[in-house]
Amino acid sequence: MRRLLVVAALACLGIMLLYTIGRMPPMNSGSTPDKTHVVPRYLEHGEEEGGAPNIITSVILNYRGYDTMGEVTVIFSALCAVVALLDREKRGRSRSAADISKVKSSVIVRTVVRIAVPVIILFAVYTILHGETSPGGGFQGGAIVGASIILFTLAFGLPESTDRMPLGARIPMESSAMLAFLAMGFLGLAFGVEFLTYALPGIHGQATETIRMLMLMVVEIGIGVAGGIIFISIVFAMIREDRYELQPDIP
Amino acid sequence: MNLAARQPVLLVAVPLVFAATCPLWGMWKRRICFYWALGGMSVTAFLAWSLIGKVSQKAPLTYNVSGWRPPWGIQIRIDTVGLLLACTITAMSILLLLYSYRYVEKEIPTQRIVYYYTLLLLIFTAMLGCSVTGDLFNFFVFMEIFSITSYALVAISGERRAIRAALKYLLMGATSSLTVLLAISFLYSVTGSLNMVDIGQVLERMGRTSSPYLPVAAAAMIFFIAGFCVKAAVFPVHVWLPEAHSIAPSPVSALLSALVIKMGVLGIIRTLFTVYGRGFSSFSEVWGALATVLSWAAALSIPVAAIMAIMQTDLKVMIAYSSVVHVGYIVLGISVLSVQGFAGGLFNIVAHAMGKGCFFLVAGIIIYKHGFRRIDDLKGLGRSMPVTAGAFAIASLSIVGLPPSAGFIAKWNILYGCLQQSQYIQVVLALFGSMLSAVYCFKVVYYMFFTGSNVGAKMDEGPMTMLIPVTLLAAGTVFFGIFSALLMPTLSNAARVLLAR
Amino acid sequence: MNFSRIFHNLNYVVSALLFLMGLYAVTVKPNIIKKLIGLNIMETSVFLLIVSVGMVDNGVAPIVTEGYRNALEAGRVVNPIPQALILTGIVVAVSTTAVALSLCLRVHEKYGTLNAPEILGRDVL
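Because the structure is predicted, anything quoted here is derived from the model rather than measured.

Participant: Explain the overall build of chain C to me, and be specific about the residues and the numbers.
Facilitator: Helix and strand counts for chain C stand at 6 helices and 0 strands. For a compact globule of 125 residues, the expected C-alpha radius of gyration is about 14 Å, and chain C comes in at 20 Å, more than 25% above that figure. With respect to the three principal axes, the spread of C-alpha positions in chain C is 65 × 35 × 20 Å. For chain C, buried positions account for 42% of its 125 residues. A fraction of 51% describes how many contacts in chain C between residues 6 or more apart in sequence connect residues 24 or more apart.

Okay, structure coming up:
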């Protein structure tokens, strides 16, 4: 009965969606409203105004940099939420299912992971630093960093990982993206221009370009580091198995 | 450095600095986080309150982040509605933080205190960001921040019902966020812009040239309203609210009821009036129908939720249902499309924030001292906790809507607005709901003051840091009831501008 | 309704169907993990819609390299804004999923099941 109601409601919604879609601008056309109003300026001047040949990076970090500041706040709040629900791991005492299990990962897996992880991290660094001229950027690179450490944790267990990434070092790095954005923002304010403006006045010629490049780079690296570390911290909080005895139920 | 001109962005950036650094203090000493959060919100409150008088709905204070003019960049745009919410948020935030100082001992595990304060700072920042932004997608981003933090804050005590409530809240909240995102993408595909005012202008132009894409914009409006109604807990989609708001720790309940659901209302105001208001002529049918549906849903919700509230035995669940009643009043005032009703709806945002904040904080003090949650257990509490129970009695005047309280002014204007638009059935429903509100509020007051004692008559009040916020909120409801002239003219002007087409 | 237009906008149709599938899973499936999968399908459908909005025929990526100017004159550069928007959207989706999964871990620990009706049946308000 309930399912029938839901299906009926979904059918109504589906008809509405199809009706809307039938009236949307045709796909793949270069002259739809979305491509004629705001975008031409980005495409024409995105490089010199935004400071990055990759116009998407220009949009993300410069034109809509404030949104991206909100975005790094979203992952930071997700981390805070996960940690507030699951708590941090205890150093040396937290075990994951892989550690508790009798079957250890084989020598082959360990060796492959040991060789692969540095290469993956190298690729992540490339993705982060090259986000201005090619597809890539902080978030993508951060995700790759996170994935590499997760791979490492799955092969070697939680204690090995937490020894290499102690909590005390991770906590400052988690807020680094927000702090990088805010620092660049307040730097702009200190130089008398608007919040999150990368082109600082008073410095002429080539230096402005270089400084803008550097500032964009700082933000990208901040996003990359924070993104990676936040994913790692979330996974550490999720895979630890000592949750059950450490957390008495509060009535 | 001219900071005054940059104040709009500082309103978001300053609390964000404090939020980002809060866990770093937690590494050293947990206690510092409280002072850090309190200091941060005090600075922010100063920034917000010093904007009073500099802003009007017609000439909002704007700030182009990164220096790009809209529609290319993101514009911060503080109008009267935004400032009203920003001031309410910052003022409430200080009281809630003060209240949390002792309350965290009771319901929040020690190792989570650092993240409790960080999450509070983040949720305040996000709500401030929502109320001052002029960009639709930016609104969505900040909406996601306060949604994610509120899911966690509901479940932070670790109690099993709290976790279940949070999960239910998350499933509904995430679905509604997606509906809003879908609406944004529909609207973007036909307007090519993300700035609210600019979208309004583009829609107006589209209406003049009778563009073939107008139905898409109209459909987007329906999705927007559907999504924001879930966030605001308007009647048929309020099901997540009673559980989530009642089981969360009391300061969080107060925060969610007083502020977070108002963000859904803000979303309705922003889309219905700022975005679609100017293009009204081209949407008149869909727009009018939506407003009517909203006003009916709101009017129906008032008596239904009030009856649900009467049936409850748990104090906090009762208060949570009462929030649904008041969201009904606010949305009714907004959707009835008269200046007076709209102003009353806006005023009720403040009145309800104070009244409901006070209710939940009082419930928190009782839980803190005695661990009582059931209404039957409150017998004679007025003798041992006169300040707490007195504050509850005063706040209940505002919640019921009796003079001389802020709630009375709000309801009076809302009902007057309904009468102006000849919506008599809505008036009858709302008045009936008010009478039912009197039943559930005064039942508690009666138990507290006029029945035999359950806990003895010895004075046994809660700690000072908890009593001060409660008394201030109760006093605030009376203050704004008597001096409603401080706010009402400004709000009427704002309503006139928003409703002008 | 104009059917030829609907089939011209095939991506939009697929995205609408995915949205409905996701919503069906969220509302009907009893298992919470399946509900979350439904939520993610809905998210993907919205991303597909936004990205499709920005597409052009034979489009090139909006990165200034050799040949970019020619593509720009020909109107073949895709719209960068939707890509920036879904980057934000993806991050939001990942964050929501992370919070939801940690809630699931806790729910499973406290209730011993992930079946929604069974969980809702216990300690009723």
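Participant: Just give me the short version of the overall build of chain A, but keep the residues and values in it.
Facilitator: Secondary structure summary: chain A contains 12 helices and 0 strands in total. Starting at the N terminus, the α and β elements of chain A follow one another as α-α-α-α-α-α-α-α-α-α-α-α. The C-alpha radius of gyration of chain A comes to 23 Å, more than 25% above the 18 Å expected for a compact globule of 251 residues. When the backbone C-alpha atoms are referred to their principal axes, chain A occupies close to 65 × 60 × 45 Å. Out of the 251 residues belonging to chain A, those deemed buried represent 47%.

Participant: I'd like a description of the interface of chain A and chain B, backed by residues and values.
Facilitator: Of the residues lining the interface, 50 residues belong to chain A; the matching set on chain B comes to 59 residues. Looking at the side of chain A that touches chain B element by element, the count peaks at 14 residues for helix 4 (residues 65-86) of chain A. Partitioned by chemical class, the residues of the side of chain A that touches chain B number 26 nonpolar, 14 polar and 10 charged.

Participant: I'd love a proper account of the interface of chain C and chain B, names of residues and values included.
Facilitator: Reports of interface size often rely on the accessible area that becomes lost once the parts have come together. Contact with chain C, which involves 26 residues of that partner, is made by 25 residues of chain B. Counting residues per element, the side of chain C that touches chain B draws most heavily on helix 5 (residues 80-111) of chain C, which supplies 13 residues. Along the lines of polarity and charge, the residues of the side of chain C that touches chain B split into 17 nonpolar, 4 polar and 5 charged.

Participant: Before we move on, could you go through the nonpolar core and cite the residues and values that matter?
Facilitator: Among the nonpolar cores identified, the biggest contains 321 residues, and A152 and A166 of chain B are the most heavily contacted of them. Discounting chain neighbours no more than four positions away, the residues touching A152 of chain B are C80, A81, A84 and L85 of chain A, L119 of chain B together with V99 of chain C.

Participant: For helix 10 (residues 250-275) of chain B, give the residues involved together with the corresponding values.
Facilitator: Along an α-helix, residues three or four apart share an orientation, since each turn contains 3.6 residues. Residues and elements named next belong to chain B. The first and last C-alpha atoms of helix 10 sit 36 Å apart over 26 residues, in line with the 38 Å expected at 1.5 Å per residue. Roughly 40 degrees is the biggest bend found in helix 10, and it falls at L256. Counting buried positions over the 26 residues of helix 10 gives 25, a clear majority of the element.

Participant: Account for the pairing of strand 2 (residues 75-78) of chain B, with residues named and values stated.
Facilitator: Residue and element names in this part refer to chain B. Of the two faces of strand 2, the one holding Q75 and R77 and the one holding I76 and I78 are both buried throughout. Judged from the 4 bridges that link them, strand 1 (residues 61-64) and strand 2 form a sheet pairing that is antiparallel. By the bridge assignment for strand 2, L61 is matched with I78.

Participant: Got a sec to walk through the confidence of the model for chain C? Specific residues and values, please.
Facilitator: All names here are of chain C. Taken as a whole, chain C shows an average pLDDT of 88; of its residues, 94% reach a score of 70 or greater. Looking across chain C, the model is least confident in helix 1 (residues 3-8), with a mean pLDDT of 70, and most confident in helix 3 (residues 32-53), with 94. Taken together, the chains of this predicted complex give a pTM of 0.95 and an interface ipTM of 0.94.

Participant: Pulling in residues and values, what's your account of helix 4 (residues 113-132) of chain B?
Facilitator: Between the first and last C-alpha of helix 4 of chain B there are 29 Å, a value that for 20 residues agrees with the 28 Å anticipated at 1.5 Å per step. Taking burial as the measure, the 20 residues of helix 4 of chain B include 20 buried ones, the bulk of the element.

Participant: Quick one: what's the story with the packing of helix 15 (residues 386-400) of chain B against helix 17 (residues 424-450) of chain B, residue by residue and with numbers?
Facilitator: Residue and element names in this part refer to chain B. Where helix 15 meets helix 17, the closest approach of the two axes is 9 Å, and the angle between their N-to-C directions is 170 degrees. Comparing the axis directions of helix 15 and helix 17 gives the class roughly antiparallel. Between helix 15 and helix 17, the contacting residues are A389, F392, A393, S396, I399 and V400 on the first element and S434, S437, A438, C441, F442, V444, V445, M448 and F449 on the second.

Participant: Run through the packing of helix 13 (residues 339-369) of chain B against helix 15 of chain B, naming residues and quoting values.
Facilitator: Residue and element names in this part refer to chain B. At a minimum axis separation of 9 Å, helix 13 and helix 15 run at an interaxial angle of 150 degrees. As judged from the angle between their axes, helix 13 and helix 15 are roughly antiparallel. Read as a crossing pair, helix 13 and helix 15 show a hand that is left-handed. Where helix 13 abuts helix 15, its residues A351, M354, G355, C358, F359, V362, I365 and I366 lie against T388, A391, F392, A395, S398 and I399.

Participant: Outline the confidence of the model for chain A, supporting the account with residue identities and numerical values.
Facilitator: Mean pLDDT over chain A: 86, with 95% of residues reaching 70 or higher. Of the regions scoring below 50 in pLDDT, residues 246-251 of chain A engages in 9 contacts with residues more than four places distant in sequence or in other chains.

Calculation criteria
- Residues numbered from 1 in each chain as written.
- Chains lettered and ligands numbered in written order.
- Predicted model: local features only at pLDDT ≥ 70, side-chain atom pairs only at ≥ 80, totals over all residues.
- Helix = DSSP H or I, 4+ residues; strand = E, 2+ residues; numbered from the N terminus.
- Rg over C-alpha atoms; globule rule 2.2 N^0.38 Å.
- Buried ≥ 20, exposed ≤ 12 C-beta atoms within 10 Å, placed from the backbone.
- Contact = placed C-beta atoms within 7 Å.
- Nonpolar A, V, L, I, M, F, W, Y, C, P; charged D, E, K, R; others polar.
- Core = buried A, V, L, I, M, F, W, Y, C linked by C-beta atoms within 7 Å.
- Expected span 1.5 Å × (residues − 1).
- Bend = angle between axes of the 7 residues up to and from the residue.
- Pairing = 2+ DSSP bridges.
- pLDDT = per-residue confidence, 0-100.
- Axes fitted to C-alpha atoms, helices over the stretch in contact; angles between N-to-C directions.
- Parallel < 35°, antiparallel > 145°, perpendicular 65-115°, else oblique.
- Left-handed = near helix turned anticlockwise from the far one by under 90°.

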